[in-house]
Amino acid sequence: MQSVTKLRLVASPDERQTLFATMERYNAACNTVSPIAASVRQFSNIGLQKRLYRHVRETFGLSAQMAQLAIRKVAGSYRSTREAIKEQNKVLAALGKPLKSLTELSFREHGAICYDARVLSLGRSRVSIWTLDGRIKLRYRKPDHFPAVATVKQTDLVYRDGAFWLYATVETPDIEPAEPSGYLGVDLGVVKNATTSDGVTFSSDATEKVRQRYGRLKGVLQKVGTRSAKRKLQKISGREHRFKTNTNHVISKRIVCAAQGTKRGIALEDLKGILLRTTVTKGQRERHHKWAFHQLRSFIEYKARRAGVQVQVIDGAYTSQQCSACGSIHPDNRQTQAAFRCLACGHTENADLNAARNIAARAAVNRPIAICSPDTGGEVESQACKEHGATYGIMPPTSVGGS
Ligand SMILES: [Zn+2]
């Protein structure tokens, strides 16, 4: 599987100057290629190479590979932008709004350089990288989540917040997931946090506070409206994003470790349950939470895959309304956001923990939740009742104690 890892480079002032100069030259080359590509509507890498390779090499004094990479960046950017516009236009057309069209792209002076293995090689602690001054070797800081066994496919050199970074696309071998001895259920919420069926809660209070603090700052800067305020605004958005991303890395790692250490799989609910619970709003806050939620979910999935932990996605209908002790489902079972109290058996529990236990139990039985009861005498049917269709009823008691 492929994933992207960010590595921070350690560079002296001289080396920084070299990297800046290389970025500027490379992006200047991109900006020469771009208008030509746009005017002749040529977005294939090979076609552009044929037309412009010699010109780019001679004009910008780039190495053969670097000239090719500049052209490839332009071609790739146009193709991905064209795809994105196509997707947007589907929505715009459905809404009867005017469609967007592809216009000429321009590249920032310090935009990313997309290196491949011929011009950049990643060693254990150093990277050897092509610059205008020839190849230089730089140390880099390795994050905890850097995979031990990985093949680097492509690496982008990125300048961000006063530092140089390598965004390395790494390919790690898939580990065949072991047959799990049980499941760790994870209840993920869009607004709140993650709770596991072991009763561990990952609070989003800290990230929510950071979001609010940044939100206030953003409000002030938006009112100011000057150019420097806008720049600052962008910087803050990036910082907020990265804070949440980092939090999600930590949470997902702990969840995967908890499952791996106990030889269990991870159970997640499909998006049905979440769609049923959340209202569609377009506020800044909701968008942020939604983005963070999907990111956490994808982090759990890819880290589990990398660790050989099986992920089972279960039917997410009514996981928050069902009693994890007796299986009864009722909308009034969930009394508040935090408290669950079963109307049938009186079982009380933290609402998120109750949901996480249902998720774990559903993965363990691995059968449709839609069963027809009590007409079947409370007996579990592995298929939805033919007579009554897929109605929800009573689930059998499930052992969730220590699992
Ligand atoms: Zn109950």
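None of these values were measured; they are calculated from a predicted model.

1. Section: the sheet that holds strand β3 (residues 120-122)
A sheet is described by the order of its strands in space; here seven strands give the open sequence β2-β6-β7-β1-β5-β4-β3, paired in antiparallel fashion. Edge positions in the sheet fall to β2 (113-115) and β3, since each of these pairs with one other strand and no more. This sheet shows a mean twist of 30° between the axes of neighbouring strands, independent of strand direction. Here β3 runs beside strand β4 (residues 126-131); their pairing, made up of three bridges, is antiparallel. Pairing of Leu 120 across the sheet is with Ile 129, part of β4.

2. A closer look at the coordination of the zinc ion
Of the protein atoms, only Cys 323 (SG), Cys 326 (SG), Cys 342 (SG) and Cys 345 (SG) coordinate the zinc ion, at distances of 2.3 Å. Written as a sequence motif, the donor arrangement for the zinc ion is C-x2-C-x15-C-x2-C. Separated by 16 residues along the polypeptide, Cys 326 in the loop between β12 (311-314) and β13 (339-341) and Cys 342 in the loop between β13 and β14 (348-350) bring together distant segments of the chain. For Cys 342, a relative accessible area of 1% puts it in the buried group.

3. Some remarks on the pairing of strand β1 (residues 2-10)
Covered by surrounding structure in β1 are Ser 3, Thr 5, Leu 7 and Leu 9 only, the residues Gln 2, Val 4, Lys 6, Arg 8 and Val 10 on the alternate face being uncovered. Bridge analysis of β1 against strand β7 (residues 163-171) gives seven bridges, and the strand direction is antiparallel. Looking at β7, one finds that Val 4 is bridged to Thr 169. Where β1 lies against strand β5 (residues 134-141), three bridges are found, and the strand directions are antiparallel. Paired with Leu 9 across the strands is Tyr 140, a residue of β5.

4. Re the packing of aromatic side chains
What the rule picks out here adds up to five aromatic pairs. Consider the rings of Phe 20 and Tyr 159, whose centres lie 4.7 Å apart with planes at 70°: the pair is edge-to-face. Of the two residues, Phe 20 sits in helix α1 (residues 13-40) while Tyr 159 sits in strand β6 (residues 151-160), which places them 139 residues apart along the sequence. Geometrically, the ring pair formed by Phe 299 and Tyr 302 is edge-to-face, given 5.8 Å between the ring centres and 90° between the ring planes. Linking Phe 299 with Tyr 302, this pair stays in helix α7 (residues 284-307), spanning three residues, or about one helical turn. Here Phe 299 falls in the buried class, since its relative accessible area comes to 10%. Chaining the aromatic ring pairs together yields one cluster made of Phe 20, Tyr 159 and Phe 164. The ring centre of Tyr 167 lies 5.2 Å from the NZ or CZ of Lys 6, which sits over that ring. The ring of Trp 165 is capped by Arg 160, whose NZ or CZ atom sits 4.4 Å from the centre of that ring.

5. A closer look at the packing of α1 against helix α3 (residues 64-94)
Their axes nearest at 9 Å, the elements α1 and α3 cross at an angle of 50°. Judged by the angle between their axes, α1 and α3 are oblique. In terms of crossing hand, the pair formed by α1 and α3 is right-handed. Mapping the contact onto sequence places Thr 22, Tyr 26, Asn 27, Ala 29, Cys 30, Val 33, Ser 34, Ala 37 and Ala 38 in α1 and Met 66, Leu 69, Ala 70, Ile 71, Lys 73, Val 74 and Tyr 78 in α3. A per-class count over the contact of α1 with α3 returns twelve nonpolar, three polar and one charged.

The rules behind the values
- Residues numbered from 1 in each chain as written.
- Predicted model: local features only at pLDDT ≥ 70, side-chain atom pairs only at ≥ 80, totals over all residues.
- Heavy atoms only, no water.
- Pairing = 2+ DSSP bridges.
- Helix = DSSP H or I, 4+ residues; strand = E, 2+ residues; numbered from the N terminus.
- Axes fitted to C-alpha atoms, helices over the stretch in contact; angles between N-to-C directions.
- Donors = N, O, S within 2.8 Å, 3.2 Å for Na, K, Ca; no water.
- Buried < 20%, exposed > 50% of the residue type's maximum accessible area, 1.4 Å probe, protein only.
- Phe/Tyr/Trp six-rings, centres within 6.5 Å; stacked < 30°, edge-to-face > 60°.
- Lys NZ or Arg CZ within 6 Å of the ring centre and 35° of its normal.
- Parallel < 35°, antiparallel > 145°, perpendicular 65-115°, else oblique.
- Left-handed = near helix turned anticlockwise from the far one by under 90°.
- Contact = heavy atoms within 4.5 Å.
- Nonpolar A, V, L, I, M, F, W, Y, C, P; charged D, E, K, R; others polar.

Scope: geometric values only; no functional claims are made or implied.
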